[in-house]
Structures are given as structure tokens and as C-alpha cells.
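Structural overview
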Amino acid sequence: MTQEKSPQSIDLDLTTPIPENEMDRLLALSELDLDYLELNDSFKDLTKLAAKVAGTSISLINLIDSFTQWSASSFGLDIQQMPREDSVCQYTILQENIDGFEIKDLSVDERFKDKFYVTDAPKLKYYYGVPLKLENNIALGALCVIHDGEKKSEC
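What comes next concerns the included structure. (Residues numbered from 1 in each chain as written. Predicted model: local features only at pLDDT ≥ 70, side-chain atom pairs only at ≥ 80, totals over all residues. Heavy atoms only, no water.)

Quick look at the overall build of the chain
This is how it is decided: Helix numbers and strand numbers start at the N terminus; a helix is a DSSP run of H or I with at least 4 residues, a strand a run of E with at least 2. Throughout this description, buried means an accessible area under 20% of the type-specific maximum (1.4 Å probe, protein chains only), exposed means over 50%, and partly exposed covers the range between. For this analysis, residues touch if any pair of their heavy atoms sits within 4.5 Å. For every accessible area listed, the method is Shrake-Rupley and the probe measures 1.4 Å; residues are considered covered only by the protein chains on display.
In terms of helices and strands, the chain carries 5 helices and 6 strands. Starting at the N terminus and ending at the C terminus, the chain contains elements arranged as α-α-α-β-β-β-α-β-α-β-β. Among the 155 residues that make up the chain, the fraction classed as buried is 45%. Sequence-distant contacts in the chain: of pairs separated by 6 or more residues, those separated by 24 or more amount to 55%. Accessible surface, the chain as shown: approximately 9,200 Å² in total, 52% of it carbon and sulfur.

Brief notes about the nonpolar core
Which entries qualify depends on this criterion: Buried residues of nine kinds, namely Ala, Val, Leu, Ile, Met, Phe, Trp, Tyr and Cys, make up a nonpolar core once their side-chain atoms join them within 4.5 Å.
With 22 residues, the main nonpolar core has Val88, Phe101, Leu106, Phe112, Tyr117, Tyr127 and Ile146 as its most contacted residues. Secondary-structure elements contributing two or more residues to this core are strand S1 (58-64), helix H4 (89-92), strand S4 (101-103), helix H5 (116-119) and strand S6 (139-147). For this core, the element with the most residues is S6, which contributes 4 residues. Not counting chain neighbours up to four residues away, the residues in contact with tyrosine 127 comprise Val88, Cys89, Thr92, Phe101, Glu102, Ile103, Leu106, Ala142, Cys144, Val145 and Ile146. Core analysis: the next-biggest nonpolar cluster, separate from the first, contains 16 residues, Leu39, Leu63, Ala72 and Leu143 among them.

Re a negative patch on the surface
Rules: Each patch groups residues whose relative accessible area exceeds 30% and which form no salt bridge, using 9 Å between like charges and 5 Å between nonpolar side chains of Val, Leu, Ile, Met, Phe, Trp and Tyr. A carboxyl oxygen of Asp or Glu within 4 Å of a side-chain nitrogen of Lys or Arg is what we treat as a salt bridge. Charge counting follows a simple rule: Lys and Arg are positive, Asp and Glu are negative, and His as well as the terminal groups are ignored. Throughout, a charge is located at the NZ atom of Lys, the CZ atom of Arg, the CG atom of Asp or the CD atom of Glu.
On the surface, Asp33, Asp35, Glu38 and Asp41 cluster together into a patch of negative charge. Its location among the elements puts aspartate 33 in the loop between helix H2 (22-32) and helix H3 (40-54).

Topic: unusual backbone geometry
Following alanine 121, the chain continues into proline 122 via a peptide bond in cis, with omega recorded as 15°. Even without glycine at this site, aspartate 33 takes up a positive phi of about 50°. Judged by its relative accessible area of 68%, aspartate 33 falls in the exposed class. Unlike most non-glycine residues, lysine 123 shows phi in positive territory, near 50°.

Quick word on the sheet that holds S1
Two orientations exist for strands paired in a sheet by backbone hydrogen bonds: parallel and antiparallel. How we decide: Here a strand pair is declared whenever DSSP counts at least two bridges between the two strands. Only the stretch in contact is used when a helix axis is fitted, and all axes are lines through C-alpha atoms; the angle between N-to-C directions ranges over 0 to 180 degrees.
Strand order in the open sheet made by the 6 strands is S3-S2-S1-S6-S5-S4, with antiparallel pairing throughout. The open sheet terminates on both sides in strands that have one partner only, identified here as strand S3 (81-83) and S4. Each neighbouring strand pair of the sheet contributes to a mean axis angle of 25°, computed without reference to strand direction. Relative to S3, strand S2 (residues 68-75) runs antiparallel, the two sharing 3 bridges. If you follow threonine 68 over to S3, its bridge partner there is proline 83. Here H2 sits on the sheet in contact with S1 and S6, set at roughly 90° to S6. Contacts from H3 reach S1, S2 and S6, with the element oriented near 75° to S2.

Let's talk about the environment of asparagine 97
Counting through the fold element by element, asparagine 97 comes out in the loop between H4 and S4. Between the C-alpha atoms of asparagine 97 and proline 131, which are 34 residues apart in sequence, the distance is 7.9 Å. Setting aside residues no more than four positions away along its own chain, asparagine 97 makes contact with Tyr91, Thr92 and Pro131.

In C-alpha cells, the structure reads:
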């Protein structure tokens, strides 16, 4: 007899994608022993440059652990962390998005349309992220550019 998925497990599958190499990814991130909050000074010029080059209002460098997306550096948005299940970058680190992940309008995408950052301030619309990978293609997080209006892809 085939067991059907409950509506709750279907929702979980849509909101928390897990990379196939998740355990290796988490071990690699842990071995780096990074202090996420101290990385901002090191990368603040890079996040500012990324937003300027892409023509967006926001850029972030995010590292993703088991439960949390840590913003190691940010430009245009004051954020230090968010639950992983709320993040767009969790999709960027999937193997199928290894060359980048773009959502032209977050407000019409089923995965993101009800998220707090889409429905409330800053009312984000556009997202483009590239995974931050180690030599062995393990994605630890993402460099992303985000905009509060629709944007033509230039990345």
C-alpha cells in the first residue's frame, strides 16, 4: 500500500530544499569555524560593489547552516540572520542552481509570495544569487543581489 504525503510534508518539501551533499556541506562550513558577524568588515566593499554593478538596492553574502541563514555581509538591508526555511538563498545552494538562481518577481513565485520580506517592508521583488562554492563544488552559501522593484536580468 502506498502512503500519501500529508499536506504538512508537502509544504515542508516546498520550503526547505536540502542539497544532496548536505552533510558534507555542513561539515565543510563547520570546519571553517567562521564568526559570521565579524565577516561584514571584510566583505562590505564586495557587497556594495555587487549591488552597484547589478543595479539593485541590496546585496548580501549569506552562509547557510542547518537552521539559519547568516548574513556575513550586507549592503542596503540591515539583517544578520533569518530562519533557513524563509530564505531564497537555500535554493541557490542546490546542485541544479550551481550556475546561479534568479527569481524575477518574488511576489508571484509560489515559494516566496507569502514570505514576510515580500508582503511587508522591504517588499522585495527581484532576486539573483550565485552559490559560494569550495573547490569540490560544495556550496556554503550565496552572494545575492536583491531589488525592491522588478528588474531586467543583467547578471
